[in-house]
Amino acid sequence: MERSSGILLPISALPSPYGIGSMGKAAYDFIDFLVKAEQKWWQILPVGPTSYGDSPYQSFSTFAGNPYFVDLETLCKEGLLEQAEIDAVDWGSDPAKVDYQKIYEGRFNLLEKAKQRGWEKDAEEIKRFTEENKSWLPDYALYMALKRYFGMKAWTEWEDEDIRLRKEDALAKYRRELADDMELFIYIQYLFFRQWNALRAYAKEKGIGIIGDMPIYVAMDSADVWAEPKFFQLDEKNVPHEVSGVPPDAFSADGQLWGNPLYDWDAMKADGYGWWIRRIDGAAKLYDVLRIDHFRGLESYWAVPYGDTNAKNGHWVKGPGMDLVSVLKNWFPHVSFIAEDLGYLTPEVQQLLKDSEFPGMKVLEFAFDSREPSDYLPHTYTSHCVCYVGTHDNETVMAWKDAAAPEDIAMAIKYLGLNEEEGFHWGILRGGMSSVAELFVAQMQDFLGLGAEARMNTPSTLGGNWQWRLKEGQITEELTAKIAEMTRLYGRSSKKWQA
(Lines give C-alpha, C1' and ligand atoms only; values in the text may rest on other atoms or scores of the structure.)
Protein backbone atom coordinates (compact mmCIF):
# COMPACT_ATOMS: atom_id res chain seq x y z
CA MET A 1 0.00 0.00 0.00
CA GLU A 2 0.95 3.60 -0.54
CA ARG A 3 1.05 5.72 2.60
CA SER A 4 -2.60 6.61 3.07
CA SER A 5 -5.52 6.82 5.47
CA GLY A 6 -9.20 5.99 5.66
CA ILE A 7 -12.31 6.10 7.81
CA LEU A 8 -14.31 3.19 9.23
CA LEU A 9 -18.07 3.62 8.93
CA PRO A 10 -20.48 0.70 8.44
CA ILE A 11 -23.15 0.98 5.73
CA SER A 12 -25.75 0.57 8.49
CA ALA A 13 -24.49 3.75 10.18
CA LEU A 14 -25.10 6.08 7.24
CA PRO A 15 -27.87 8.67 7.71
CA SER A 16 -31.26 7.79 6.24
CA PRO A 17 -34.92 8.52 7.06
CA TYR A 18 -35.69 4.80 6.74
CA GLY A 19 -34.19 3.37 9.91
CA ILE A 20 -30.81 2.18 8.64
CA GLY A 21 -28.08 3.26 6.26
CA SER A 22 -28.29 2.11 2.65
CA MET A 23 -26.56 2.33 -0.71
CA GLY A 24 -28.41 5.52 -1.54
CA LYS A 25 -27.60 9.23 -1.57
CA ALA A 26 -25.93 9.25 1.87
CA ALA A 27 -23.42 6.62 0.70
CA TYR A 28 -22.50 8.74 -2.33
CA ASP A 29 -22.30 11.83 -0.11
CA PHE A 30 -19.95 9.97 2.25
CA ILE A 31 -17.65 9.14 -0.66
CA ASP A 32 -17.68 12.83 -1.62
CA PHE A 33 -16.77 13.70 1.99
CA LEU A 34 -13.85 11.22 1.92
CA VAL A 35 -12.56 12.89 -1.24
CA LYS A 36 -12.78 16.37 0.32
CA ALA A 37 -11.11 15.06 3.49
CA GLU A 38 -8.32 13.71 1.24
CA GLN A 39 -8.82 10.13 2.39
CA LYS A 40 -8.07 7.13 0.19
CA TRP A 41 -10.11 4.40 1.89
CA TRP A 42 -13.61 3.69 3.17
CA GLN A 43 -13.60 0.71 5.55
CA ILE A 44 -16.93 -1.02 6.21
CA LEU A 45 -18.15 -4.04 8.15
CA PRO A 46 -19.43 -7.25 6.50
CA VAL A 47 -22.45 -6.57 4.27
CA GLY A 48 -24.18 -9.97 4.46
CA PRO A 49 -27.78 -10.52 5.64
CA THR A 50 -27.82 -10.56 9.44
CA SER A 51 -29.53 -13.09 11.69
CA TYR A 52 -30.50 -13.20 15.38
CA GLY A 53 -28.52 -10.58 17.30
CA ASP A 54 -28.06 -8.39 14.18
CA SER A 55 -24.31 -9.00 14.03
CA PRO A 56 -22.72 -8.60 10.58
CA TYR A 57 -20.33 -11.36 11.71
CA GLN A 58 -23.20 -13.88 11.95
CA SER A 59 -24.74 -13.92 8.49
CA PHE A 60 -27.16 -16.19 6.65
CA SER A 61 -24.66 -16.27 3.78
CA THR A 62 -21.03 -15.42 3.17
CA PHE A 63 -21.92 -14.46 -0.43
CA ALA A 64 -25.26 -12.63 -0.21
CA GLY A 65 -25.89 -8.94 0.41
CA ASN A 66 -27.99 -7.47 3.22
CA PRO A 67 -31.58 -6.67 2.12
CA TYR A 68 -31.58 -3.79 4.61
CA PHE A 69 -28.96 -1.96 2.54
CA VAL A 70 -31.02 -1.86 -0.68
CA ASP A 71 -31.88 1.81 -1.12
CA LEU A 72 -35.61 2.39 -1.22
CA GLU A 73 -35.51 5.86 -2.81
CA THR A 74 -33.60 4.38 -5.75
CA LEU A 75 -36.39 1.82 -6.15
CA CYS A 76 -38.88 4.71 -6.22
CA LYS A 77 -36.97 6.41 -9.03
CA GLU A 78 -37.02 3.12 -10.94
CA GLY A 79 -40.79 2.82 -10.58
CA LEU A 80 -40.58 -0.24 -8.32
CA LEU A 81 -42.00 1.49 -5.23
CA GLU A 82 -44.12 4.55 -4.45
CA GLN A 83 -42.99 7.09 -1.88
CA ALA A 84 -46.30 6.82 -0.02
CA GLU A 85 -45.66 3.09 0.49
CA ILE A 86 -42.28 3.81 2.08
CA ASP A 87 -43.62 6.65 4.23
CA ALA A 88 -46.38 4.40 5.59
CA VAL A 89 -43.82 2.21 7.40
CA ASP A 90 -42.74 2.87 11.00
CA TRP A 91 -38.94 3.00 10.76
CA GLY A 92 -38.31 3.90 14.41
CA SER A 93 -38.13 7.23 16.20
CA ASP A 94 -34.40 7.69 16.92
CA PRO A 95 -32.27 8.77 13.92
CA ALA A 96 -29.10 7.91 15.90
CA LYS A 97 -30.03 4.22 16.38
CA VAL A 98 -31.14 1.31 14.22
CA ASP A 99 -34.36 -0.37 15.36
CA TYR A 100 -33.84 -3.78 13.76
CA GLN A 101 -37.24 -5.14 14.76
CA LYS A 102 -39.09 -2.35 12.98
CA ILE A 103 -36.91 -2.69 9.89
CA TYR A 104 -37.49 -6.45 9.75
CA GLU A 105 -41.24 -5.92 10.03
CA GLY A 106 -41.43 -3.16 7.40
CA ARG A 107 -38.81 -3.72 4.75
CA PHE A 108 -39.61 -7.13 3.29
CA ASN A 109 -43.19 -6.15 2.39
CA LEU A 110 -41.76 -3.29 0.34
CA LEU A 111 -39.21 -5.53 -1.35
CA GLU A 112 -42.00 -7.97 -2.25
CA LYS A 113 -43.88 -5.11 -3.92
CA ALA A 114 -40.72 -4.20 -5.84
CA LYS A 115 -40.33 -7.80 -6.95
CA GLN A 116 -43.92 -7.99 -8.20
CA ARG A 117 -43.34 -4.90 -10.33
CA GLY A 118 -39.83 -5.66 -11.52
CA TRP A 119 -39.49 -9.45 -11.94
CA GLU A 120 -40.76 -9.62 -15.51
CA LYS A 121 -39.40 -6.21 -16.52
CA ASP A 122 -35.87 -7.20 -15.42
CA ALA A 123 -36.15 -10.85 -16.53
CA GLU A 124 -33.16 -10.87 -18.87
CA GLU A 125 -30.85 -9.16 -16.38
CA ILE A 126 -32.05 -11.45 -13.57
CA LYS A 127 -31.36 -14.50 -15.72
CA ARG A 128 -27.81 -13.26 -16.39
CA PHE A 129 -27.27 -12.42 -12.70
CA THR A 130 -28.50 -15.85 -11.60
CA GLU A 131 -26.19 -17.60 -14.05
CA GLU A 132 -23.19 -15.54 -12.89
CA ASN A 133 -23.91 -16.51 -9.26
CA LYS A 134 -25.11 -20.08 -9.74
CA SER A 135 -22.49 -21.46 -7.32
CA TRP A 136 -24.37 -19.96 -4.32
CA LEU A 137 -27.53 -18.06 -5.27
CA PRO A 138 -30.01 -20.95 -5.85
CA ASP A 139 -29.03 -22.60 -2.55
CA TYR A 140 -29.28 -19.29 -0.71
CA ALA A 141 -32.70 -18.49 -2.19
CA LEU A 142 -34.06 -21.93 -1.28
CA TYR A 143 -32.54 -21.70 2.19
CA MET A 144 -34.19 -18.33 2.90
CA ALA A 145 -37.50 -19.54 1.47
CA LEU A 146 -37.27 -22.58 3.76
CA LYS A 147 -36.52 -20.39 6.77
CA ARG A 148 -39.71 -18.46 6.05
CA TYR A 149 -41.65 -21.68 5.64
CA PHE A 150 -40.38 -23.01 8.98
CA GLY A 151 -41.05 -19.78 10.90
CA MET A 152 -37.49 -18.38 10.58
CA LYS A 153 -36.08 -21.17 12.74
CA ALA A 154 -32.44 -22.17 12.34
CA TRP A 155 -32.15 -24.94 9.74
CA THR A 156 -31.00 -27.35 12.45
CA GLU A 157 -34.51 -27.03 13.97
CA TRP A 158 -36.58 -27.56 10.81
CA GLU A 159 -39.21 -30.22 11.43
CA ASP A 160 -38.57 -32.03 8.14
CA GLU A 161 -35.37 -34.04 8.57
CA ASP A 162 -35.19 -34.83 4.84
CA ILE A 163 -34.73 -31.19 3.92
CA ARG A 164 -32.39 -30.61 6.86
CA LEU A 165 -30.18 -33.31 5.38
CA ARG A 166 -30.81 -32.17 1.79
CA LYS A 167 -32.36 -35.38 0.46
CA GLU A 168 -32.94 -35.05 -3.30
CA ASP A 169 -36.70 -35.70 -3.17
CA ALA A 170 -37.12 -33.08 -0.46
CA LEU A 171 -35.07 -30.51 -2.38
CA ALA A 172 -37.20 -31.03 -5.51
CA LYS A 173 -40.42 -30.81 -3.52
CA TYR A 174 -39.60 -27.54 -1.77
CA ARG A 175 -38.19 -25.94 -4.92
CA ARG A 176 -41.63 -26.44 -6.48
CA GLU A 177 -43.64 -25.37 -3.44
CA LEU A 178 -41.52 -22.34 -2.52
CA ALA A 179 -40.78 -21.08 -6.03
CA ASP A 180 -42.33 -17.64 -5.40
CA ASP A 181 -40.30 -17.03 -2.25
CA MET A 182 -37.15 -18.23 -4.02
CA GLU A 183 -37.79 -15.66 -6.73
CA LEU A 184 -38.16 -12.96 -4.06
CA PHE A 185 -34.76 -13.71 -2.52
CA ILE A 186 -33.10 -13.91 -5.93
CA TYR A 187 -34.61 -10.55 -6.84
CA ILE A 188 -33.45 -8.93 -3.59
CA GLN A 189 -29.90 -10.08 -4.34
CA TYR A 190 -30.21 -8.77 -7.88
CA LEU A 191 -31.21 -5.37 -6.48
CA PHE A 192 -28.43 -5.41 -3.88
CA PHE A 193 -25.65 -6.16 -6.33
CA ARG A 194 -26.98 -3.74 -8.94
CA GLN A 195 -26.87 -0.94 -6.38
CA TRP A 196 -23.57 -2.08 -4.90
CA ASN A 197 -21.85 -2.20 -8.30
CA ALA A 198 -23.03 1.33 -9.06
CA LEU A 199 -21.78 2.59 -5.68
CA ARG A 200 -18.42 0.88 -6.03
CA ALA A 201 -18.00 2.26 -9.55
CA TYR A 202 -18.64 5.76 -8.17
CA ALA A 203 -16.07 5.23 -5.41
CA LYS A 204 -13.52 4.02 -7.95
CA GLU A 205 -14.18 7.01 -10.19
CA LYS A 206 -13.55 9.28 -7.19
CA GLY A 207 -10.35 7.47 -6.19
CA ILE A 208 -11.80 5.86 -3.05
CA GLY A 209 -11.00 2.20 -2.31
CA ILE A 210 -13.30 0.06 -0.18
CA ILE A 211 -11.87 -2.10 2.61
CA GLY A 212 -14.16 -5.00 3.44
CA ASP A 213 -14.17 -7.34 6.39
CA MET A 214 -14.37 -11.13 6.14
CA PRO A 215 -15.23 -13.08 9.30
CA ILE A 216 -13.02 -16.15 9.54
CA TYR A 217 -16.02 -18.33 10.44
CA VAL A 218 -19.51 -18.60 9.01
CA ALA A 219 -22.68 -18.92 11.08
CA MET A 220 -24.11 -22.37 11.82
CA ASP A 221 -27.48 -20.98 10.76
CA SER A 222 -26.37 -20.18 7.22
CA ALA A 223 -26.89 -21.38 3.69
CA ASP A 224 -23.14 -22.05 3.58
CA VAL A 225 -23.24 -24.80 6.22
CA TRP A 226 -26.62 -26.19 5.18
CA ALA A 227 -25.62 -26.43 1.50
CA GLU A 228 -22.11 -27.85 1.98
CA PRO A 229 -21.92 -29.62 5.37
CA LYS A 230 -19.05 -31.82 4.15
CA PHE A 231 -16.66 -28.91 4.66
CA PHE A 232 -17.48 -28.56 8.38
CA GLN A 233 -16.87 -30.70 11.46
CA LEU A 234 -20.40 -32.17 11.70
CA ASP A 235 -21.71 -35.67 12.40
CA GLU A 236 -24.07 -37.71 10.17
CA LYS A 237 -27.02 -35.66 11.48
CA ASN A 238 -25.13 -32.40 10.78
CA VAL A 239 -24.59 -31.68 14.48
CA PRO A 240 -21.20 -30.09 15.34
CA HIS A 241 -18.57 -32.04 17.26
CA GLU A 242 -16.91 -28.84 18.49
CA VAL A 243 -17.51 -25.13 17.91
CA SER A 244 -15.49 -21.93 17.76
CA GLY A 245 -14.42 -19.54 20.50
CA VAL A 246 -11.41 -18.02 22.20
CA PRO A 247 -9.85 -19.06 25.52
CA PRO A 248 -10.15 -17.23 28.86
CA ASP A 249 -7.98 -14.13 29.15
CA ALA A 250 -7.62 -10.99 31.24
CA PHE A 251 -10.90 -9.65 29.81
CA SER A 252 -13.04 -12.78 30.18
CA ALA A 253 -12.61 -15.55 32.77
CA ASP A 254 -14.87 -17.86 30.72
CA GLY A 255 -13.37 -17.04 27.34
CA GLN A 256 -15.68 -16.23 24.44
CA LEU A 257 -18.01 -18.94 23.10
CA TRP A 258 -18.77 -17.93 19.51
CA GLY A 259 -20.48 -21.19 18.59
CA ASN A 260 -19.64 -21.25 14.87
CA PRO A 261 -19.06 -24.65 13.27
CA LEU A 262 -15.40 -25.44 12.69
CA TYR A 263 -13.99 -26.18 9.26
CA ASP A 264 -13.01 -29.69 8.23
CA TRP A 265 -9.63 -28.60 6.97
CA ASP A 266 -8.76 -32.08 5.66
CA ALA A 267 -11.88 -32.10 3.47
CA MET A 268 -11.16 -28.56 2.30
CA LYS A 269 -7.58 -29.40 1.40
CA ALA A 270 -8.68 -32.52 -0.49
CA ASP A 271 -10.95 -30.23 -2.54
CA GLY A 272 -8.07 -27.87 -3.29
CA TYR A 273 -9.56 -25.27 -0.92
CA GLY A 274 -12.25 -24.66 -3.53
CA TRP A 275 -14.71 -23.38 -0.91
CA TRP A 276 -12.26 -20.68 0.17
CA ILE A 277 -11.41 -19.79 -3.42
CA ARG A 278 -15.10 -19.22 -4.14
CA ARG A 279 -15.45 -17.22 -0.94
CA ILE A 280 -12.54 -14.88 -1.70
CA ASP A 281 -13.73 -14.55 -5.29
CA GLY A 282 -17.11 -13.36 -3.97
CA ALA A 283 -15.47 -10.89 -1.61
CA ALA A 284 -13.19 -9.57 -4.36
CA LYS A 285 -16.31 -8.57 -6.29
CA LEU A 286 -17.30 -6.35 -3.36
CA TYR A 287 -14.07 -4.88 -1.99
CA ASP A 288 -10.67 -3.55 -3.03
CA VAL A 289 -8.92 -4.70 0.16
CA LEU A 290 -10.02 -7.58 2.37
CA ARG A 291 -9.42 -7.70 6.13
CA ILE A 292 -9.34 -11.32 7.36
CA ASP A 293 -10.93 -11.37 10.80
CA HIS A 294 -9.28 -13.58 13.49
CA PHE A 295 -6.30 -14.34 11.25
CA ARG A 296 -4.60 -16.23 14.08
CA GLY A 297 -7.28 -18.93 13.67
CA LEU A 298 -5.60 -20.00 10.44
CA GLU A 299 -2.50 -20.99 12.42
CA SER A 300 -4.40 -22.69 15.28
CA TYR A 301 -7.95 -22.35 16.56
CA TRP A 302 -9.75 -22.82 19.87
CA ALA A 303 -12.18 -25.78 19.67
CA VAL A 304 -14.89 -25.98 22.34
CA PRO A 305 -17.02 -29.13 22.94
CA TYR A 306 -20.48 -28.64 21.44
CA GLY A 307 -23.03 -28.00 24.17
CA ASP A 308 -20.65 -26.28 26.60
CA THR A 309 -21.96 -23.03 28.02
CA ASN A 310 -18.60 -21.26 28.01
CA ALA A 311 -15.22 -21.59 26.27
CA LYS A 312 -13.11 -22.73 29.25
CA ASN A 313 -12.91 -26.40 28.21
CA GLY A 314 -11.64 -25.76 24.71
CA HIS A 315 -8.28 -26.76 23.27
CA TRP A 316 -5.96 -25.54 20.52
CA VAL A 317 -6.02 -27.32 17.17
CA LYS A 318 -3.63 -26.67 14.28
CA GLY A 319 -5.10 -24.80 11.31
CA PRO A 320 -4.02 -24.87 7.65
CA GLY A 321 -1.53 -22.00 7.97
CA MET A 322 0.50 -21.17 4.85
CA ASP A 323 -0.98 -24.15 3.02
CA LEU A 324 -4.21 -22.16 2.63
CA VAL A 325 -2.64 -18.69 2.52
CA SER A 326 -0.37 -19.67 -0.39
CA VAL A 327 -3.33 -20.97 -2.39
CA LEU A 328 -5.26 -17.73 -1.86
CA LYS A 329 -2.29 -15.54 -2.75
CA ASN A 330 -1.69 -17.52 -5.94
CA TRP A 331 -5.34 -17.39 -6.97
CA PHE A 332 -5.83 -13.72 -6.09
CA PRO A 333 -2.61 -11.80 -6.78
CA HIS A 334 -4.72 -8.67 -7.44
CA VAL A 335 -6.40 -8.73 -3.99
CA SER A 336 -4.77 -6.92 -1.07
CA PHE A 337 -5.26 -8.46 2.37
CA ILE A 338 -5.04 -7.15 5.94
CA ALA A 339 -4.51 -9.68 8.72
CA GLU A 340 -6.49 -9.03 11.90
CA ASP A 341 -3.74 -10.44 14.11
CA LEU A 342 -5.13 -9.32 17.47
CA GLY A 343 -5.54 -11.64 20.44
CA TYR A 344 -3.26 -14.34 21.82
CA LEU A 345 -0.21 -14.21 19.53
CA THR A 346 2.26 -17.06 19.70
CA PRO A 347 5.60 -17.20 17.84
CA GLU A 348 3.84 -19.50 15.34
CA VAL A 349 1.15 -16.88 14.62
CA GLN A 350 3.80 -14.20 14.24
CA GLN A 351 5.69 -16.44 11.81
CA LEU A 352 2.53 -17.03 9.77
CA LEU A 353 1.96 -13.29 9.54
CA LYS A 354 5.55 -12.80 8.39
CA ASP A 355 5.34 -15.62 5.83
CA SER A 356 2.00 -14.37 4.49
CA GLU A 357 3.48 -10.90 3.91
CA PHE A 358 0.10 -9.42 4.90
CA PRO A 359 0.16 -6.24 7.00
CA GLY A 360 -1.01 -6.80 10.58
CA MET A 361 -2.94 -4.44 12.83
CA LYS A 362 -1.81 -2.01 15.53
CA VAL A 363 -4.51 -0.60 17.84
CA LEU A 364 -3.67 2.60 19.70
CA GLU A 365 -6.17 1.93 22.48
CA PHE A 366 -4.08 -1.14 23.34
CA ALA A 367 -0.78 0.77 23.29
CA PHE A 368 -0.75 2.62 26.59
CA ASP A 369 -0.57 -0.15 29.18
CA SER A 370 1.46 1.48 31.94
CA ARG A 371 2.33 -1.97 33.44
CA GLU A 372 4.44 -3.30 30.56
CA PRO A 373 5.93 -2.33 27.18
CA SER A 374 3.54 -2.64 24.24
CA ASP A 375 4.04 -3.59 20.60
CA TYR A 376 1.24 -1.17 19.77
CA LEU A 377 3.22 1.98 20.66
CA PRO A 378 3.93 3.86 17.42
CA HIS A 379 7.72 3.91 17.88
CA THR A 380 7.73 0.08 17.64
CA TYR A 381 6.00 -0.03 14.23
CA THR A 382 7.49 -1.08 10.96
CA SER A 383 5.84 0.56 7.96
CA HIS A 384 4.14 -2.65 6.77
CA CYS A 385 1.17 -2.49 9.14
CA VAL A 386 -2.20 -0.83 9.59
CA CYS A 387 -2.70 1.49 12.55
CA TYR A 388 -6.18 1.83 14.02
CA VAL A 389 -7.28 4.07 16.88
CA GLY A 390 -9.80 1.34 17.71
CA THR A 391 -11.95 -1.18 15.87
CA HIS A 392 -15.72 -1.72 15.84
CA ASP A 393 -15.24 -3.91 18.95
CA ASN A 394 -13.54 -1.15 20.95
CA GLU A 395 -14.85 1.85 22.82
CA THR A 396 -14.71 5.18 21.06
CA VAL A 397 -11.53 6.99 22.03
CA MET A 398 -13.42 9.45 24.25
CA ALA A 399 -15.20 6.59 26.04
CA TRP A 400 -11.83 4.85 26.42
CA LYS A 401 -10.44 8.01 28.02
CA ASP A 402 -13.13 7.78 30.71
CA ALA A 403 -12.98 4.00 31.22
CA ALA A 404 -9.26 3.14 31.04
CA ALA A 405 -6.98 3.07 34.08
CA PRO A 406 -5.88 6.62 35.00
CA GLU A 407 -2.22 5.60 34.75
CA ASP A 408 -2.78 4.37 31.18
CA ILE A 409 -4.35 7.68 30.19
CA ALA A 410 -1.49 9.51 31.90
CA MET A 411 0.95 7.49 29.79
CA ALA A 412 -0.94 8.37 26.58
CA ILE A 413 -0.89 12.06 27.53
CA LYS A 414 2.85 11.96 28.18
CA TYR A 415 3.75 9.80 25.15
CA LEU A 416 1.74 11.83 22.61
CA GLY A 417 1.98 15.23 24.28
CA LEU A 418 -1.79 15.52 24.53
CA ASN A 419 -3.24 18.85 25.63
CA GLU A 420 -6.64 20.45 26.14
CA GLU A 421 -6.16 23.03 23.40
CA GLU A 422 -5.77 20.32 20.74
CA GLY A 423 -8.36 18.01 22.27
CA PHE A 424 -7.81 14.45 23.50
CA HIS A 425 -9.29 12.67 20.49
CA TRP A 426 -7.44 14.85 18.01
CA GLY A 427 -4.17 14.14 19.79
CA ILE A 428 -4.76 10.37 19.60
CA LEU A 429 -5.67 10.70 15.91
CA ARG A 430 -2.45 12.64 15.39
CA GLY A 431 -0.51 9.84 17.05
CA GLY A 432 -1.81 7.32 14.52
CA MET A 433 -1.79 9.61 11.50
CA SER A 434 1.86 10.56 12.12
CA SER A 435 3.06 6.96 12.58
CA VAL A 436 5.09 5.08 9.97
CA ALA A 437 2.21 2.63 9.35
CA GLU A 438 1.38 2.40 5.65
CA LEU A 439 -2.30 2.80 6.40
CA PHE A 440 -4.08 4.64 9.21
CA VAL A 441 -7.79 4.07 9.91
CA ALA A 442 -10.08 5.59 12.53
CA GLN A 443 -13.78 5.21 13.21
CA MET A 444 -15.95 8.15 12.16
CA GLN A 445 -17.04 8.38 15.81
CA ASP A 446 -13.47 9.25 16.82
CA PHE A 447 -13.16 12.08 14.30
CA LEU A 448 -16.42 13.40 15.76
CA GLY A 449 -15.18 13.01 19.36
CA LEU A 450 -18.23 10.96 20.41
CA GLY A 451 -18.51 9.02 23.67
CA ALA A 452 -19.86 5.69 24.89
CA GLU A 453 -23.25 6.28 23.25
CA ALA A 454 -21.57 5.80 19.86
CA ARG A 455 -19.90 2.43 20.50
CA MET A 456 -20.67 -0.02 17.70
CA ASN A 457 -20.19 -3.35 19.51
CA THR A 458 -19.36 -4.72 22.93
CA PRO A 459 -18.06 -8.30 22.45
CA SER A 460 -19.75 -11.15 24.34
CA THR A 461 -22.98 -9.19 24.78
CA LEU A 462 -26.29 -9.74 23.00
CA GLY A 463 -28.59 -6.81 22.32
CA GLY A 464 -27.84 -3.12 22.02
CA ASN A 465 -25.03 -3.60 19.50
CA TRP A 466 -24.64 -2.55 15.84
CA GLN A 467 -27.14 0.28 16.37
CA TRP A 468 -25.18 3.55 16.25
CA ARG A 469 -25.85 5.82 13.31
CA LEU A 470 -24.41 9.02 11.95
CA LYS A 471 -26.94 11.85 12.00
CA GLU A 472 -27.56 14.23 9.13
CA GLY A 473 -25.36 17.30 9.50
CA GLN A 474 -22.77 15.82 11.89
CA ILE A 475 -20.08 15.96 9.21
CA THR A 476 -19.42 19.68 8.74
CA GLU A 477 -17.23 21.59 6.29
CA GLU A 478 -15.04 22.61 9.24
CA LEU A 479 -14.52 18.97 10.29
CA THR A 480 -13.80 17.93 6.71
CA ALA A 481 -11.17 20.65 6.32
CA LYS A 482 -9.54 19.74 9.65
CA ILE A 483 -9.24 16.06 8.65
CA ALA A 484 -7.80 17.03 5.27
CA GLU A 485 -5.24 19.35 6.90
CA MET A 486 -4.00 16.62 9.28
CA THR A 487 -3.91 14.09 6.43
CA ARG A 488 -1.77 16.42 4.29
CA LEU A 489 0.50 17.28 7.22
CA TYR A 490 1.47 13.65 7.72
CA GLY A 491 1.86 12.70 4.07
CA ARG A 492 -1.29 10.60 3.67
CA SER A 493 -3.30 12.82 1.32
CA SER A 494 -5.15 11.06 -1.51
CA LYS A 495 -4.34 13.94 -3.84
CA LYS A 496 -0.95 12.45 -4.65
CA TRP A 497 -2.79 9.58 -6.41
CA GLN A 498 -4.85 11.89 -8.60
CA ALA A 499 -3.67 12.63 -12.11
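Fair warning: this is a prediction, and the values are worked out from it, not measured in the lab. (Residues numbered from 1 in each chain as written. Predicted model: local features only at pLDDT ≥ 70, side-chain atom pairs only at ≥ 80, totals over all residues. Heavy atoms only, no water.)

Draft legend 1. Representation of the packing of aromatic side chains within the structure. Taken as a whole and assessed by the stated rule, the structure comprises 44 aromatic pairs. Taken together, a centroid distance of 5.0 Å and an interplanar angle of 90 degrees make the contact between Y149 and F150 edge-to-face. On the accessibility criterion, F150 (9% relative accessible area) is buried. Aromatic side chains F232 and W275 sit 6.0 Å apart centroid to centroid with 90 degrees between the ring planes, which places their arrangement in the edge-to-face category. Placement of the pair is F232 in the loop between α10 (223–227) and β4 (242–246) and W275 in helix α12 (residues 274–284), with a sequence separation of 43 residues. Neither F232 nor W275 differs from the other in exposure class; each is buried. A connected cluster of aromatic rings, assembled from ring pairs, spans F63, W119, F129, W136, Y140, Y187, Y190, F192, F193, W196 and Y287. Its end group placed over the ring of W276, R279 keeps NZ or CZ at 5.2 Å from the ring centre. The cationic tip of K401 hangs over the ring face of F424; the distance from NZ or CZ to the ring centre is 5.7 Å. (Phe/Tyr/Trp six-rings, centres within 6.5 Å; stacked < 30°, edge-to-face > 60°. Buried < 20%, exposed > 50% of the residue type's maximum accessible area, 1.4 Å probe, protein only. Helix = DSSP H or I, 4+ residues; strand = E, 2+ residues; numbered from the N terminus. Lys NZ or Arg CZ within 6 Å of the ring centre and 35° of its normal.)

Draft legend 2. Highlighting the packing of helix α6 (residues 137–149) against helix α9 (residues 179–205). Between α6 and α9, the shortest axis-to-axis distance is 8 Å and the interhelical angle comes to 125 degrees. In terms of axis orientation, α6 runs oblique to α9. For the crossing formed where α6 meets α9, the hand is right-handed. Residues L137, P138, Y140, A141, L142, M144, A145 and R148 of α6 pack against D181, M182, L184, F185, I186 and Q189 of α9. (Axes fitted to C-alpha atoms, helices over the stretch in contact; angles between N-to-C directions. Parallel < 35°, antiparallel > 145°, perpendicular 65-115°, else oblique. Left-handed = near helix turned anticlockwise from the far one by under 90°. Contact = heavy atoms within 4.5 Å.)

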